[in-house]
Each structure stands twice: as structure tokens, then as C-alpha cells.
Amino acid sequence: LINLQNESYIDTPFWSFLTGLYFQDKGNYTIAERYYQKMIKFEYNEERAYYNLGTMYAKSDIQYGLNFFLKALQILEIDTSKYQFEYPYALEKMAEAHAALRNFSEAEKYYDKAINFNRNLFGNKSYQALERYVGLGLFYAKFQKYNKAITLLSDAEILSSGLTANHREVRANILNTL
């Protein structure tokens, strides 16, 4: 087995990524950050390194985590067609961070942007768009905008009825949310 504490094994960007994930999963954020910073230095999947740093630090300091999400988003926005799955997910993470900071208009803006991106790329009935609808619906419910939440989640449930068997989990999540 490879000793992950030994730096000599971790001299490539990919290993830095895997090692960062390993230590992040173990809750050792100091070591995880060191490996994510190596990824950034290597200019290898920088957006993923920033995104992981944001996820890691948003647990204890949302504003600090938000800064990393913003850096990831800036990289992803350079070529959204290349990052068609990562981009809306990063937008949703920005929305969640703003919601936690009670920046409601910013949160709503990022949710809407993610929904519109998925809708334009995959169609209104795509599971990707529906996942974003659910995220915005839950945001509305959490902040007691129940009429908006019910409308959005009900629309998502109706749209989800056309999903294929491969995407039943999304439909189940929508139904459980209602």
C-alpha cells in the first residue's frame, strides 16, 4: 500500500487530487488543503480544487467557503460548454452558500441561473433542470416562501412524470420533498 503521508508518492496532479479527497473525507482539512493547493499550482482541475476547498470550508465558515466557490465558478464560466455538468452544480453551491448567509436575492439569482442553464442545454424536462427546481423549491420552503415552494415543487413533480427509468431517483426525491 502507498503511504499517503509520504510526499514522494504524491508528485502528480492526479495523485494530489486523490490525496486531497482522501484527507477531506477523513476530516483532515489542513492536509487536504495542501494537496488542493498543489493541484492549483499544477493548473490541473483547478475548478475542482477550488470547489472542494469551498465545500470543505463552508461547513465552518460560509463566507470563506463562498470565496472558493466563486473562484471555481470564474474558471467554469470561461467555457460552460466544457463544464456542462459542473457549472450548474457550482451555481447551486453558490446559491446554498448565499442562502446560509441569508443573502436571499443572491441565492435566488444563482438558483435561477442554474435552472436556466440546465433548461437551455438539456430541456425543461431534463433531470438536470428538475434537480435545480427542487433545490430552488427547498430554498423557498426553508425561508417560508411556501406558495412559491409549492408551485415550483408541484411543477417539478408534473414535469418529472416524463423521466426515464434511469432517472427515477430524481422523481422519488421530488415526491419525497412534496
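See above for the structure.
Residues numbered from 1 in each chain as written. Predicted model: local features only at pLDDT ≥ 70, side-chain atom pairs only at ≥ 80, totals over all residues. Heavy atoms only, no water.

Student: Talk me through the nonpolar core; I want residue IDs and the actual numbers.
Tutor: With 46 residues, the main nonpolar core has Tyr36, Leu53, Leu73, Tyr133, Leu136 and Phe139 as its most contacted residues. Among the secondary structure elements, those contributing two or more residues to this core are α1 (13-25), α2 (29-42), α3 (46-58), α4 (62-76), α5 (86-100), α6 (104-122), α7 (127-142) and α8 (146-160). Apart from residues lying up to four places away in sequence, tyrosine 36 is in contact with Phe17, Gly20, Leu21, Gln24, Ala49, Asn52, Leu53 and Met56. (Core = buried A, V, L, I, M, F, W, Y, C linked by side-chain atoms within 4.5 Å. Buried < 20%, exposed > 50% of the residue type's maximum accessible area, 1.4 Å probe, protein only. Helix = DSSP H or I, 4+ residues; strand = E, 2+ residues; numbered from the N terminus. Contact = heavy atoms within 4.5 Å.)

Student: Could you give an account of the packing of aromatic side chains, with specific residues and numbers?
Tutor: Here the structure, examined in full by the defined rule, presents 14 aromatic pairs. Residues tyrosine 51 and tyrosine 89 carry aromatic rings whose centres are separated by 5.8 Å and whose planes lie at 50° to one another, so their mutual orientation is tilted. Of this pair, tyrosine 51 sits in helix α3 while tyrosine 89 sits in helix α5; the two residues are 38 residues apart in sequence, bridging distant segments of the chain. Classification of tyrosine 51 by relative accessible area gives buried; the value is 15%. Residue classification places tyrosine 89 among the partly exposed positions, given a relative accessible area of 38%. Within the aromatic cluster, the residues linked to one another by ring pairs are Phe104, Tyr111, Phe139, Tyr140 and Phe143. (Phe/Tyr/Trp six-rings, centres within 6.5 Å; stacked < 30°, edge-to-face > 60°.)

Student: I'd like a description of the pattern of salt bridges, backed by residues and values.
Tutor: Overall, the coordinates contain seven salt bridges when judged by the stated rule. Across the salt bridge formed by glutamate 108 and lysine 148, the nearest N and O atoms sit 3.6 Å from each other. A residue pair is termed long-range when its members are at least 10 positions apart, and glutamate 108 in helix α6 and lysine 148 in helix α8 qualify at 40 residues. Residue classification places lysine 148 among the partly exposed positions, given a relative accessible area of 41%. Taken together, the shared-partner salt bridges connect Glu92, Glu131 and Arg132 into one network. (Salt bridge = Lys/Arg side-chain N within 4 Å of Asp/Glu carboxyl O.)

Student: Mind laying out α1, listing which residues take part and the relevant values?
Tutor: The periodicity of an α-helix, 3.6 residues per turn, causes residues three or four places apart in sequence to face the same way. Over its 13 residues, α1 extends 18 Å from the first C-alpha to the last, a length consistent with the 18 Å expected when each residue adds 1.5 Å. Buried residues of α1: Ser16, Phe17, Thr19, Gly20, Phe23 and Gln24, and no others. Where α1 is buried, its residues touch α2 and α3. The first or second residue beyond α1 is glycine 27, which carries a positive phi of 85°. (Expected span 1.5 Å × (residues − 1).)

Student: Lay out a nonpolar patch on the surface in plain terms, naming residues and giving numbers.
Tutor: Among the surface-exposed residues, Phe14, Trp15, Leu18 and Leu21 lie close enough to one another that they form a single nonpolar patch of about 330 Å² accessible area. Relative to the elements of secondary structure, leucine 18 occurs in helix α1. Judged by its relative accessible area of 33%, leucine 18 is partly exposed. (Patch = residues over 30% accessible without salt bridge, like charges linked within 9 Å, V, L, I, M, F, W, Y side chains within 5 Å. Areas by Shrake-Rupley, 256 points an atom, 1.4 Å probe, with all protein chains shown as cover.)

Student: Which residues make up the side chain of asparagine 52, and what values go with them?
Tutor: Take asparagine 52: it is sitting in helix α3. By relative accessible area, which is 9% here, asparagine 52 ends up buried. Among residues more than four places away in sequence, those in contact with asparagine 52 are Phe17, Leu21, Gln24 and Tyr36.

Student: If you had to explain the side chain of threonine 19 to someone new, which residues and values would you point to?
Tutor: Mapped onto the elements of the fold, threonine 19 is located in helix α1. A distance of 2.7 Å separates the side chain of threonine 19 from the backbone oxygen of tryptophan 15, its partner in a polar contact. (Polar contact = N/O pair within 3.5 Å; in protein donor to acceptor, adjacent residues only side chain to side chain.)

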